[in-house]
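These are the residues of each chain, in order.
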Amino acid sequence: MSETIKKATRQSYGEALAELSEKYDFAVLDADLAAATKTGIFKKKCPERFIDCGIAEANMMGVAAGLAAVGETVFASSFAMFAAGRAFEIVRNSIGYPHLNVKIGATHAGISVGEDGATHQCNEDIALMRTIPGMTIINPADDIETKAAVEAAINLDGPVYLRLGRLAVPNVNSGDYKFELGKGVQLKEGKDVTIIATGLAVNEAFNAAETLEKEGVSARVINIHTIKPLDTEIILKAARETHRIVTVEEHSVIGGLGAAVADTVCAGCPCHVTMIGIPDVYGYSGKAEQLLKEFGISSENIAQRVRGILRED
Amino acid sequence: MDKSKKRALEITACKARIGVIDAVHAAQSGHPGGSLSICDALTYLYFSKMNIDPHAPHDPQRDRFVLSKGHCAPALYSVLAQRGFFPEEELLTLRKIGSRLQGHPNMNDLPGIDMSTGSLGQGISAACGMALGAKLKGKNFKVYTILGDGEIEEGQVWEAAMFAAAKKLDNLTAIIDNNGLQIDGKITEVNSPEPINEKFRAFGWNVLTMNAHDFDDIDRAFNEIPQNGKPTAIIQKSVKGKGVSFMENQVGWHGTAPNDEQRVQAIDELCAQLQALERGV
């Protein structure tokens, strides 16, 4: 696991679009944020396949639906707040209901947006997108996983929500990683507790487990990159074998990965679930790394919470 | 327009209106007023204008139609049935469990529906996407959409209007069904979208006006669409509830189904109109 090179998943997304344009035929839409969402990398390479819709996310999602309805594969990008939040009803009715082939590249998701503060920190997008029937939700953890996820999204017939981040993150996966849509990845074996994480929290969870290992705590680590459809098998196996689950995500504890995991174990193998995420509050301005610490989404915080849970037992 | 062609269109539109009344009556739910105001425009599109084939409803080269005012699905269903996309009897399944004729149109349920619509303001964006798709792929198909005059109070319509002009979508024609009424009353009293023509012109569109219930004038308007790189808005002056005396210009018939007695009266009136047309009176 290399900590030396860090890259934001939005950057990986933009690079993947440009690279994959040589292999696949698709169009990319943006809403005046190409420089930030990194679709600008694609724009530079394929200007004739890039359409800037301006600051009008509702219309962009509708245009994406119309393009898909006449046979195009389309990526539509904006910040998560506007793609999932502002345009929610268009995504639901014009893309989700007719199950159109639109891939939503939603960057700047979660608290790690940082300095822009509460108005731009989208901690609700997973919850919103989970309620749309037929929507696939992928929250990749690193550069390698993001690039694989973009290709998987192209090859899937139907709507996909790609949750991407602004903050540069290290790779948790190696170069020979095989991404499988809808399949969780066990990154570390463990028998005392299972830490299930998504997105940038995966690296923090893994580091927390390494620290705990040195203290004699055996923590399993599972990366859930596909939040919907959820790999319930790997979650129920963890519930049966470790009896304790901790979920970690930079998303509200309402309706996110933690809630999806809790739903799964409640129905299949009830066990203790602790959710680490954004509580029912708005975020605020600050440096991303500091905010992640403030909200408990750092390896130190995670290790501390796990120690506490094991002490309680 | 040739007289016999005009007569044929009038007959078809009248049959479509009968289908609207019967479908909404059978469902005891739905939107007759706005459906009756667009029957002529839909008949013109599907019988005279659009390149479509009911036996090849998924042909990628076909022209596309998006009913942005999706609640007027009974009119679209009725015209599609007249055109042979599905059996006319199926109109009586409207809004019932298991029906392909959903309360608002769903493209995956029924052949002939090019886009799922119903939430106002969204259809025009999808129509823009389709028109853009034709440009990206170098295809020649045209895209038509019908919006309600109340519907254009939705902000998304103006995002789409700005987009269509900016992207030079001259293969897109939007018909604004200007019947002057919305659920809560007159459009000018609720939250006036007027002047509609000046708004579209300011957004960079060609703007034409037509009498929604005169096929000669409808034909004239469509033939006047300029080829100048701009999208076109046709504001059709229409009568909500057109063809049924007690429904005409009555806001109360926006979303109310006729009872048995009202259905009989409406069908009697429409059948009399149909007979007159067929006799050539």
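Keep in mind it's a predicted model, so treat the numbers as computed, not measured.

> Would you take a moment to explain the overall build of chain A for this structure?
From N to C terminus, chain A includes 13 helices and 14 strands. In summary, chain A has a C-alpha radius of gyration of 19 Å against a globular reference of 20 Å for 313 residues, a match within 12%. Here the C-alpha coordinates of chain A stretch approximately 60 × 40 × 40 Å along the principal axes. Taken across its 313 residues, chain A has 60% of its residues classed as buried. Looking at chain A alone, contacts between residues at least 24 apart form 79% of all its contacts between residues at least 6 apart.

> Hey, could you run me through the overall build of chain B in this one?
When its secondary structure is counted, chain B shows 10 helices and 7 strands. A globule of 281 residues ought to have a C-alpha radius of gyration of about 19 Å, and chain B, at 18 Å, matches this closely. Expressed along its principal axes, the backbone C-alpha trace of chain B runs to roughly 50 × 45 × 40 Å. Expressed as a percentage of its 281 residues, the buried residues of chain B come to 53%. Counting only contacts in chain B whose residues sit at least 6 apart along the sequence, the fraction spanning at least 24 positions is 76%.

> Explanation requested: the nonpolar core in the structure shown.
Ranked by internal contacts, the top residues of the largest apolar core, which has 193 residues, are L29, A64, L162, I195 and A205 of chain A together with C128 of chain B. Three or more residues apiece are contributed to this core by two domains, here domain 1 (6-170) and domain 2 (185-312) of chain A. In contact with A64 of chain A, not counting residues within four places along its chain, are L29, V74, A76, I95 and V102 of chain A together with G129 of chain B.

> Where do I start with the interface of chain B and chain A in this structure?
Think of interface size as the accessible area that goes away when the parts come together; that is how it is often given. Contacts between the two partners involve 25 residues from chain B, matched on the other side by 23 residues from chain A. Those elements giving two or more residues to the side of chain B that touches chain A turn out to be α5 (123-137) and α6 (155-166) of chain B. No other element matches α5 of chain B, which puts 10 residues into the side of chain B that touches chain A. Considering only residue class, the side of chain B that touches chain A consists of 12 nonpolar, 10 polar and 3 charged.

> Is there a simple way to explain the domain arrangement of chain A in this structure?
All names here are of chain A. Segmentation of chain A into domains returns domain 1 (6-170) and domain 2 (185-312). Here domain 1 and domain 2 have C-alpha centroids that lie 25 Å from each other. The residue makeup of the side of domain 1 that touches domain 2, split by class, is 13 nonpolar, 9 polar and 5 charged.

> Where do I start with the sheet that holds strand β10 (residues 193-197) of chain A in this structure?
Pairing between sheet strands relies on hydrogen bonds along the backbone, with the strands arranged either parallel or antiparallel. Residues and elements named next belong to chain A. Read across the open sheet, the 5 strands follow the order β9-β11-β10-β13-β14; overall the sheet is mixed. Bordering the open sheet on either side are β9 (185-188) and β14 (272-278), each of which pairs with just one other strand. Going from strand to strand, the sheet's axes swing by 25° on average, the running direction of each strand aside.

> What am I meant to see in the pairing of strand β6 (residues 206-211) of chain B here?
Each regular strand shows side chains that alternate between the opposite faces of the sheet. Residues and elements named next belong to chain B. Alternating residues of β6 divide into N206, L208 and M210, all buried, and V207, T209 and N211, none buried. Sheet analysis places β6 next to strand β7 (residues 232-237), joined by 6 bridges and oriented parallel. What sits directly across from L208, in β7, is I234. Tracing the backbone out of β6, into helix α9 (residues 215-223) and back to the parallel element β7 gives a crossover that is right-handed.

> Please explain unusual backbone geometry as it appears in this structure.
Peptide bonds are trans in most cases, and residues, glycine excluded, mostly fall at negative phi. With an omega of 0°, the peptide bond between K228 of chain A and P229 of chain A qualifies as cis. Along the chain, P229 of chain A falls in the loop between β12 (226-228) and α10 (232-242). The step from E194 of chain B to P195 of chain B runs through a cis peptide bond, and the omega angle for that step is -5°. Inspection of the secondary structure assignment puts P195 of chain B in the loop between α7 (187-190) and α8 (196-202).

> What's the story with the sheet that holds strand β7 (residues 160-163) of chain A in this structure? I'm lost.
Residue and element names in this part refer to chain A. Across the sheet, which stays open at both edges, the 7 strands sit in the order β3-β2-β4-β5-β7-β6-β12 with mixed pairing between neighbours. The open sheet has two edge strands, β3 (50-52) and β12, and neither has a second partner. Direction aside, the axes of adjacent strands within the sheet are offset by 20° on average. Bridging between strand β4 (residues 74-79) and strand β5 (residues 102-107) involves 6 bridges; their strand directions are parallel. Across the sheet, the residue bridging to A76 is I104, located in β5.

> Honestly, the packing of helix α1 (residues 3-27) of chain B against helix α4 (residues 73-83) of chain B in this entry has me stumped. Any pointers?
Between two packed helices, what matters for the description is the angle formed by their axes and the separation of those axes. Residues and elements named next belong to chain B. For the pair α1 and α4, the least separation of the axes is 8 Å and the interaxial angle reads 125°. With respect to each other, α1 and α4 are oriented oblique. Of the two possible hands of crossing, α1 and α4 adopt the one that is right-handed. For the pair α1 and α4, the contacting residues are T12, K15, A16, G19, V20, A23 and V24 in the first and P74, A75, Y77, S78, V79, A81 and Q82 in the second. Of the residues in the contact of α1 with α4, the class split is 9 nonpolar, 4 polar and 1 charged.

> When you look at the environment of A16 of chain A in this model, what are you seeing that I'm missing?
Secondary-structure assignment places A16 of chain A in helix α1 (residues 9-20). Among residues more than four places away in sequence, those in contact with A16 of chain A are T146, K147 and V150 of chain A.

> Hey, could you run me through the pairing of β4 of chain A in this one?
All names here are of chain A. Counting buried positions over the 6 residues of β4 gives 6, a clear majority of the element. Judged from the 4 bridges that link them, strand β2 (residues 27-30) and β4 form a sheet pairing that is parallel. Bridging across to β4, D30 finds its partner in S77.

> Would you explain α10 of chain A in this entry?
A turn of α-helix holds 3.6 residues, and therefore any two residues three or four places apart point the same way. Residue and element names in this part refer to chain A. When α10 is considered as a whole, its buried residues turn out to be I234, I235, A238 and A239. The buried residues of α10 occupy one face: seen down the axis, they fall within an arc of 140°. Away from the buried face of α10 by more than 90 degrees, exposed residues E233 and R240 are located. At its buried positions, α10 is contacted by β9, β10, β11 (219-223), β13 (244-252) and α11 (257-268). Taken from the residues just after α10, H243 is the one with a positive phi, measuring 65°.

Rules behind the numbers
Residues numbered from 1 in each chain as written. Chains lettered and ligands numbered in written order. Predicted model: local features only at pLDDT ≥ 70, side-chain atom pairs only at ≥ 80, totals over all residues. Helix = DSSP H or I, 4+ residues; strand = E, 2+ residues; numbered from the N terminus. Rg over C-alpha atoms; globule rule 2.2 N^0.38 Å. Buried ≥ 20, exposed ≤ 12 C-beta atoms within 10 Å, placed from the backbone. Contact = placed C-beta atoms within 7 Å. Core = buried A, V, L, I, M, F, W, Y, C linked by C-beta atoms within 7 Å. Domains from an automatic or database assignment. Nonpolar A, V, L, I, M, F, W, Y, C, P; charged D, E, K, R; others polar. Pairing = 2+ DSSP bridges. Axes fitted to C-alpha atoms, helices over the stretch in contact; angles between N-to-C directions. Right-handed = clockwise from strand over helix to strand, strands pointing away. Parallel < 35°, antiparallel > 145°, perpendicular 65-115°, else oblique. Left-handed = near helix turned anticlockwise from the far one by under 90°. Arc of directions from axis to C-beta.

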